[in-house]
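Next come the chains, spelled out residue by residue.
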Amino acid sequence: MPSASASAIPFGRRLPEGLLILLGLFLIALGRGAFSARPTGFTLAPKPVDAVRVVTWNVGGAERGGKWRSMDDHSLETVKAVLLELNPDLVLLQEIGDRDQLEVLIDALGETWVLSSRLRSSGRRLAILARGGELDRFLLGGAAQSALAVHWTSQDRKISVLNLHADAFSASTRNEELGQSVDGLLRVLNGEGAIGLLGGDFNLDLDLDKRGDLFSDDQQLDVESYNYATSQFEDLGLGRGNTAAPDRRIDYLLLHAGQYTLGAGGPLKGRRSGQMDHDPLVVDLHLP
Amino acid sequence: MISAKGLGHRFGERKALDGIDFELGAGEIAALVGPNGSGKTTFLSCAAGFLRPSSGELRVGGFEPWRDRRRVMERARFAFAPPALFEGLTAREHLRYLGNISRKGRPRLRAGEIEEALERVGLSERADERVGAFSFGMRQRLALAQALTPRPELLVLDEPTDGLDPLAVLELRKILVRLREEFGLAVLLSSHLLIEVDLLVDHLLVLNEGRCLFKGQPHELSKGNRVTRLRASDTERAASVLLAAGWSTVPAGNGELQLAGTAHDLEQVRTKLNAAGIRLDGYWEQSLSFEQALLERLKAARRNSSCEADSSISVTMTAGPIAKDLEA
Amino acid sequence: MIARLECVRMLRSRRPALAVASLVFFLALMLLGFYTYAQTQTGGEVDFRYTYENRSYFNGLTFALYAFYFGFQLVLPIFVAAEGGVHLAGETSAGTMRLLLARPLSRARLFSTKLSLALAYSTALTGGFLALALGVGLVAVGWGDVDLYPGVLQMSERHEHLDQALALQRFLWIWPVASLAMTAPLCLSFLLSAYLRSPVNAVACSVALYLVLFVVSEIHFFEELRPWLFTSSMSYWRELLREEIDWKAVHQSAASLAGWSILFSGLALARFRHREEP
């Protein structure tokens with residue numbers, strides 16, 4: 001029969017460290033909140049009455065082996081359905097297959113919608129679709145190949161809009177395209193109250209959480225490109241989640257405006273179809 | 001001061017201590033003796049509350065060391081081997097800092113106690129040197145000095161004479177005796193150097209493979225321990241003849257045989273050998289020293305381990321530390 | 001008395017001097033790196049004080065920030081983990097743990113004294129490193145306003161501008177906030193040190209585990225795992241470099257780090273209080 005010397009350690013003697021362990025676990029659970037605030041994207045809701053809802057969406061797809069292809073007819077149905085659900089006012093699309101697809105979308109959205117598009121050398125189209133008003137295209141200069149720029153005039157409000165699909169492979173090309181887009185758009189924004197919107201697929205991912213090779217030339221160029229653009233424009237999608245597979249934020253909506261209020265926004269998740277690899281990025285803007 | 005009843009400790013499956021009974025009263029000096037791995041340090045570690053007994057009961061100064069180590073350490077002081085010290089501190093700092101650690105945070109040392117302890121161990125001259133430069137012997141002395149500050153009721157020393165020169169060993173012995181006489185200090189020391197044990201201690205606990213081999217006063221160990229030796233013309237045949245007659249023998253070197261136990265009849269031995277055509281050239285009895293007696297106990301323990309008196313002892317006449325001899 | 005003993009022992013050990021020397025060496029390397037970058041990347045066309053861009057982008061405060069950022073993630077934790085490893089495992093291995101436990105001193109008091117001292121050491125080392133980086137920045141480059149841009153060093157996701165006075169105040173705040181972050185690897189090393197009796201193993205395991213957790217927490221791939229790693233919260237002091245500080249995020253990260261530190265300490269204490277000393 002073992003004596004008291006050999007008996008198990010009584011619970012009371014474990015109490016101090018037990019309390020410490022419980023306190024530690026409690027604080028860890030409390031601090032868990034720092035991570036739970038990850039953006040979940042845009043939640044579909046009726047558009048506020050006085051808001052302008054803007055959408056940018058690369059509707060093309062990515063195939064295995066790294067080949068890109070423009071929107072197919074199956075995806076067209078998806079895009080049409082999503083746009084109808086979203087009820088947007090301004091839509092920037094990249095990687096449209098052909099003009100017929102745009103006609104289908106315009107027909108679906110309604111008679112008041114207007115459209116401007118351009119064919120890129122890759123055979124894919126950029127398009128800007130707007131609810132009512134007029135679209136007046138203007139030329140940019142160097143970035144002409146990859147961007148489409150229009151003045152959208154509607155209800156006494158003029159917004160200069162630039163839809164950019166920047167190069168996916170070369171950081172220096174992206175740097176040039178984005179820089180020229182920013183400069184080109186700024187050139188046409190004359191006077192107080194002028195509103196400029198620069199959106200599209202910029203193909204640069206600077207997520208704070210992702211640690212790439214920070215000191216590669218590409219990374220540095222992308223950082224500089226982004227910093228240059230955001231020195232003049234507000235990044236409306238910042239902190240609102242990733243827009244493209246796999247887990248990248250490469251679609252942007254940048255705004256240059258004297259006064260505005262940013263409402264709900266973010267990528268609308270779960271609406272891709274086929275080989276689409278981007279979510280539509282949606283923001284609600286309250287403009288003067 | 002120390003009371004152990006059926007004390008046991010296991011390291012996994014191995015029994016490091018098994019059913020040890022031991023008592024040490026105030027003012028007594030006792031020694032734990034045994035070869036390496038016999039359980040001496042395990043016993044001391046249990047007494048210090050460093051190890052948790054797996055069976056039995058152990059009290060030091062009236063407290064269970066594993067549960068009430070702090071209370072035990074208020075009355076007892078331990079010095080383990082090899083002496084572990086803080087390399088960056090001086091001898092004086094060791095005594096000041098360690099000696100003033102108390103359960104309630106109040107300094108415990110009396111004025112002059114540090115000087116007294118340093119003087120006792122002969123380190124006064126080097127009191128302000130960092131121990132990193134100390135020799136092993138000086139470390140041993142400092143370990144003893146720290147164990148004396150503040151003066152305990154029970155002093156437990158693990159191999160205290162390791163690394164000490166003969167004069168220092170003699171001095172240590174005097175210190176311990178004086179502390180006992182002046183302050184009634186109880187001392188438990190473990191050692192494998194038997195000469196210091198023989199001259200110093202009141203009680204002896206011999207351990208082997210975790211078990212008690214002998215418990216009592218040192219002189220009881222060798223009391224009555226005598227052996228018989230003989231020299232014959234043909235040693236090998238003589239051993240066979242005597243074994244057939246019921247007497248076991250062991251070769252003792254130099255062509256001699258050693259008979260187990262004493263009180264053999266010389267005439268009967270001679271008759272048996274002569275009948276086999278073997279000449280008996282010599283026959284004599286010899287008393288065992290304390291050290292030899294202890295060695296015989298340990299060797300006998302290989303066949304029979306108990307605290308009971310063992311009458312079937314075979315003997316070899318070898319001097320020196322037990323451990324060394326057993327290894328040989 | 002035990003606290004004084006531990007203080008004297010730490011001050012007499014070579015560990016603090018070695019840590020400071022290593023941090024000074026690290027700062028010298030950083031300075032050299034910036035200098036050579038300015039020379040090679042611009043062909044010597046720009047003054048080192050202005051590096052490759054302009055003074056608004058880089059100055060002594062930016063240098064201090066960069067130096068502290070890397071030092072905090074990769075240099076300080078190593079010395080802090082080493083300190084934790086030495087306290088229990090080193091003591092046990094040297095046999096001096098028995099010397100201390102052979103006194104009327106509870107294990108909890110011994111543990112808390114050692115942990116407190118290690119925390120003070122870690123705090124002093126963090127503050128000293130920050131002050132040294134600022135000092136080197138002032139002397140070698142010269143202070144100025146701090147401008148942070150997205151991307152580079154992941155300091156910020158938008159352009160942040162802090163004027164010099166505000167930036168210096170934020171650096172002062174960073175000291176306790178970063179010191180709290182450093183307690184988690186320290187307490188982890190105490191935990192390992194309570195289990196492993198060899199200081200080499202304890203220190204090596206602490207450093208290796210920290211580095212593994214650090215790498216995992218930096219890789220986006222481990223998104224689901226990252227919230228459960230203390231290393232994911234450690235750089236929360238960067239929040240203090242925002243124009244508008246998100247105090248809620250700061251408090252949550254601080255709670256998480258304090259929680260991990262207390263959890264590791266509790267587990268280490270549980271082990272240390274009830275372990276045998278063979």
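Residues numbered from 1 in each chain as written. Chains lettered and ligands numbered in written order. Predicted model: local features only at pLDDT ≥ 70, side-chain atom pairs only at ≥ 80, totals over all residues. Heavy atoms only, no water.

A. Spatial organisation of the overall build of chain A. In terms of regular secondary structure, chain A is built from 6 helices and 14 strands. Classification of the 288 residues of chain A by burial places 50% in the buried group. If you take every contact in chain A between residues at least 6 apart in sequence, the share linking residues at least 24 apart comes to 65%. When the accessible surface of chain A is totalled, it reaches about 12900 Å², and 52% of it is carbon and sulfur. (Helix = DSSP H or I, 4+ residues; strand = E, 2+ residues; numbered from the N terminus. Buried < 20%, exposed > 50% of the residue type's maximum accessible area, 1.4 Å probe, protein only. Contact = heavy atoms within 4.5 Å. Areas by Shrake-Rupley, 256 points an atom, 1.4 Å probe, with all protein chains shown as cover.)

B. A look at unusual backbone geometry. Residues and elements named next belong to chain B. Geometrically, the link from Ala81 to Pro82 is a cis peptide bond, its omega value of -10° lying close to zero. On the secondary structure map, Pro82 appears in the loop between β5 (76–79) and α3 (91–99). A cis amide bond, omega -15°, links Thr149 with the succeeding residue Pro150. You can see Pro150 is positioned in the loop between α5 (136–147) and β6 (154–158). For Glu159, which is not a glycine, the phi torsion comes out positive at approximately 45°. Examined against the element boundaries, Glu159 turns out to sit in the loop between β6 and α6 (166–183). Phi at Glu209 takes a positive value of approximately 50°, unusual for a residue other than glycine. Examined against the element boundaries, Glu209 turns out to sit in the loop between β8 (203–208) and β9 (211–216).

C. Seen up close, the pairing of strand β7 (residues 186–191) of chain B. Residue and element names in this part refer to chain B. Counting buried positions over the 6 residues of β7 gives 6, a clear majority of the element. Across 5 bridges, strand β3 (residues 29–33) lies against β7 in parallel orientation. Following the sheet pairing, Ala31 is matched in β7 by Leu189. Relative to β7, β6 runs parallel, the two sharing 5 bridges. Across the sheet, Leu157 pairs through a bridge with Leu189, a residue of β7. (Pairing = 2+ DSSP bridges.)

D. Looking closely at the state of the cysteines. Scanning all chains against the criterion turns up 0 disulfides over all chains. The cysteine Cys46 of chain B is free of any disulfide, with Cys212 of chain B supplying the nearest cysteine sulfur at 15 Å. Exposure remark for Cys46 of chain B: the relative accessible area of 1% places this residue in the buried category. With no disulfide of its own, Cys7 of chain C lies closest to Cys187 of chain C among cysteine sulfurs, the gap being 18 Å. (Disulfide = S-S within 2.5 Å.)

E. Expanded view of a nonpolar patch on the surface. Together, Leu15, Leu19, Leu22 and Leu25 of chain A line one region of the surface with nonpolar side chains, adding up to about 380 Å² of accessible area. Turning to its location among the elements, Leu22 of chain A is positioned in helix α1 (residues 11–31). (Patch = residues over 30% accessible without salt bridge, like charges linked within 9 Å, V, L, I, M, F, W, Y side chains within 5 Å. Salt bridge = Lys/Arg side-chain N within 4 Å of Asp/Glu carboxyl O.)

F. Spatial organisation of the pattern of salt bridges. All names here are of chain C. In this structure the tally under the stated criterion is 37 salt bridges over all chains. The residue Arg9 makes a salt bridge to Glu91 at a minimum N-O spacing of 2.6 Å. Of this pair, Arg9 sits in helix α1 (residues 2–12) while Glu91 sits in helix α3 (residues 60–94), and the two are 82 residues apart along the sequence. By relative accessible area, Glu91 is classed as buried at 3%. Across the pair Arg197 and Glu277 runs a salt bridge whose closest N-O atoms are separated by 3.6 Å. In this pair, Arg197 sits in the loop between α6 (164–195) and α7 (199–218) while Glu277 sits in the segment after α8 (247–274), placing the two residues 80 residues apart along the sequence. By relative accessible area, which is 29% here, Arg197 ends up partly exposed. Of the residues examined, Glu277 reaches a relative accessible area of 2% and is grouped as buried.

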